[in-house]
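Given next are the chains, with one letter for each unit.
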Amino acid sequence: MLKVYIVGAGPGDKELITVKGLKLIKEADVIVYDDLIDKDILKEAKDGAELIYVGKRKGKHSFKQEEINKILVEKAKEGKKVVRLKGGDPFIFGRGGEEILELIKNNIPYEVVPGVTSAIAVPASVGIPLTHRGIAKSVTITTGHEREGENKVDYSKFVADTLVILMGITNLEKIVKDLVKSRGKEKPIAIILKGFSKDQKVIKGTLGDILEKAKDIEPPGIIVVGKVVNILER
Ligand SMILES: C[S@@+](CC[C@H](N)C(=O)[O-])C[C@H]1O[C@@H](n2cnc3c(N)ncnc32)[C@H](O)[C@@H]1O
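Source: prediction; values computed, not measured.

Conventions and cut-offs
Residues numbered from 1 in each chain as written. Predicted model: local features only at pLDDT ≥ 70, side-chain atom pairs only at ≥ 80, totals over all residues. Heavy atoms only, no water. Helix = DSSP H or I, 4+ residues; strand = E, 2+ residues; numbered from the N terminus. Contact = heavy atoms within 4.5 Å. Near = heavy atom within 4 Å. Polar contact = N/O pair within 3.5 Å; in protein donor to acceptor, adjacent residues only side chain to side chain. Areas by Shrake-Rupley, 256 points an atom, 1.4 Å probe, with all protein chains shown as cover. Pairing = 2+ DSSP bridges. Axes fitted to C-alpha atoms, helices over the stretch in contact; angles between N-to-C directions. Phe/Tyr/Trp six-rings, centres within 6.5 Å; stacked < 30°, edge-to-face > 60°. Buried < 20%, exposed > 50% of the residue type's maximum accessible area, 1.4 Å probe, protein only. Patch = residues over 30% accessible without salt bridge, like charges linked within 9 Å, V, L, I, M, F, W, Y side chains within 5 Å. Salt bridge = Lys/Arg side-chain N within 4 Å of Asp/Glu carboxyl O. Domains from an automatic or database assignment. Buried area = accessible area lost by both parts, 1.4 Å probe. Nonpolar A, V, L, I, M, F, W, Y, C, P; charged D, E, K, R; others polar.

Chemist: Is there a simple way to think about the side chain of lysine 75 in this case?
Modeler: Along the chain, lysine 75 falls in helix α2 (residues 65-77). The contacts of lysine 75, once residues within four sequence positions are left out, are Val30, Glu50, Ile52, Lys80 and Val82.

Chemist: Can you walk me through the site of the ligand in this structure?
Modeler: Taken together, the neighbourhood of the ligand is formed by 18 residues, with Ile92, Thr117, Ser118, Gly195 and Gly221 sitting nearest. Within the backbone of glycine 87, one N or O atom sits 3.0 Å away from a nitrogen atom of the ligand. Note that an oxygen atom of the ligand is positioned 2.7 Å from one of the backbone N or O atoms of glycine 221. Calculation on the ligand without its partners gives an accessible area of 580 Å², and the protein chains cover 87% of this total. If you list the elements that add at least two residues to the shell around the ligand, you get α4 (118-125) and β10 (221-225).

Chemist: Explain the sheet that holds strand β6 (residues 139-143) to me, please; I cannot follow it from the model alone.
Modeler: Either a parallel or an antiparallel arrangement is found when strands of a sheet pair, and the pairing is made through backbone hydrogen bonds. Spatial strand order, β6-β7-β10-β8-β9: five strands in an open sheet with mixed pairing. Looking along the sheet, the strands with just one partner apiece sit at the ends: β6 and β9 (201-206). Going across the sheet, the axis of each strand differs from the next one's by a mean of 15 degrees, ignoring polarity. Direction of pairing for β6 relative to strand β7 (residues 162-166): parallel, over a ladder of five bridges. When the bridges of β7 are listed, valine 139 appears paired with threonine 162.

Chemist: It is not clear to me how the sheet that holds strand β5 (residues 110-113) should be interpreted in this structure. Could you clarify?
Modeler: Pairing within the open sheet is parallel, and its five strands lie in the order β3-β2-β4-β1-β5. Of all strands in the sheet, those with a lone pairing partner are β3 (50-53) and β5, marking the two edges. Neighbour-to-neighbour, the strand axes of the sheet open up by a mean angle of 20 degrees, direction not taken into account. Of the strand pairs in this sheet, strand β2 (residues 30-33) and β3 are connected by four bridges, and their pairing is parallel.

Chemist: Looking at this structure, how should I read the packing of aromatic side chains?
Modeler: Aromatic ring pairs are defined here through the distance separating the ring centres and the angle between the ring planes. Counted under the stated rule, the structure contains two aromatic pairs. With 6.0 Å between their ring centres and 40 degrees between their planes, tyrosine 155 and phenylalanine 158 make a pair best called tilted. Take tyrosine 155: its relative accessible area is 0%, and that puts it in the buried class. With relative accessibility at 24%, the residue phenylalanine 158 sits in the partly exposed group.

Chemist: Looking at this structure, I do not really get a nonpolar patch on the surface. What am I missing?
Modeler: A surface patch of nonpolar side chains, amounting to about 460 Å² of accessible area, comprises Ile92, Phe93, Ile120, Val139, Ile141 and Met167. When you line up the elements, valine 139 lands in strand β6.

Chemist: Is there a simple way to explain the pattern of salt bridges in this structure?
Modeler: Here the idea is simple: oppositely charged side chains can pair when their charged atoms come close. Under the criterion given, the structure shown has 22 salt bridges. For the salt bridge of lysine 23 with glutamate 27, the shortest nitrogen-to-oxygen distance reads 3.4 Å. Here glutamate 27 and lysine 23 lie together in helix α1 (residues 19-27), a separation of four residues that amounts to about one turn. Residue lysine 23 is classed as partly exposed on the basis of its relative accessible area of 49%. For the salt bridge of aspartate 209 with lysine 213, the shortest nitrogen-to-oxygen distance reads 3.7 Å. Here lysine 213 falls in the partly exposed class, since its relative accessible area comes to 45%. When salt bridges that share partners are traced, they join Asp34, Arg84, Lys86 and Glu99 into one network.

Chemist: Would you mind showing me how to read the domain arrangement of the protein chain here?
Modeler: It is common to report an interface's size as the accessible area lost on association of the parts. Assigned domains within the protein chain: domain 1 (4-113) and domain 2 (118-233). Computed from C-alpha coordinates alone, the two centres of domain 1 and domain 2 are separated by 28 Å. If you look at the interface, domain 1 gives nine residues, while domain 2 gives 12 residues. Carbon and sulfur atoms make up 77% of the area that domain 1 and domain 2 hide from each other, which totals about 690 Å². Looking at the side of domain 1 facing domain 2, the largest losses of area belong to Pro11, Ile92 and Phe93, adding up to 63% of the total buried there. Our enumeration of links across domain 1 and domain 2 arrives at zero salt bridges. Linking domain 1 to domain 2 there are zero residue pairs in polar contact (both at pLDDT 80 or more). Of the residues that constitute the side of domain 1 that touches domain 2, the class distribution is five nonpolar, two polar and two charged.

As structure tokens, this is what we get:
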């Protein structure tokens, strides 16, 4: 049986995929892809390749993880070369592990091809290094999305110099409220929306004024908190 390749597509710019990822896209019989990838990369697929979208559509059916798992298993069992193409890196809030557990359960061989995660690349692309000698020597990457029924995260508990929050745009108010408790109102914060796209937007401020500056914003976006936000502006 052929392998299923779990491939990171990078942070939203088709040139930021790995050489190996691109090679696999060109060879694949089936590509199962979601949102937040640069869709232009799909033009590299060979003629006749089956392209299956499993992302979230506004207001429409969005695929459950079990449905995606089922597609991967079925296509692999048909003897197809399957690429599961995911935004950024498959193992950074990408649920790559869940898909692999399902493949293991079905005795299907797999390989992971890492990708450039948006958590690092989106801030980097707007001049925010997550570490900087003498300024920031630790980074925490966390999620701002809290599932119903789960314990609420207290963001004031994170102690790294730089905090990177994915999926936090709709929960910004709570995140900022928590962070003011531990880091104070003067701590710099940046929000980068729709990184690597023509609609990219960067909003910078402090924990004290960001809610005023960032009204009516929409995901996807990345929140960065810490001195590194302004370090290259000096
Ligand atoms: C489900 S997570 C997947 C992360 C992905 N596996 C990675 O490594 O980049 C999706 C979140 O990543 C962030 N994200 C991904 N691509 C982005 C981009 N181009 N611009 C801004 N945020 C992005 C947003 O916080 C978004 O809600």
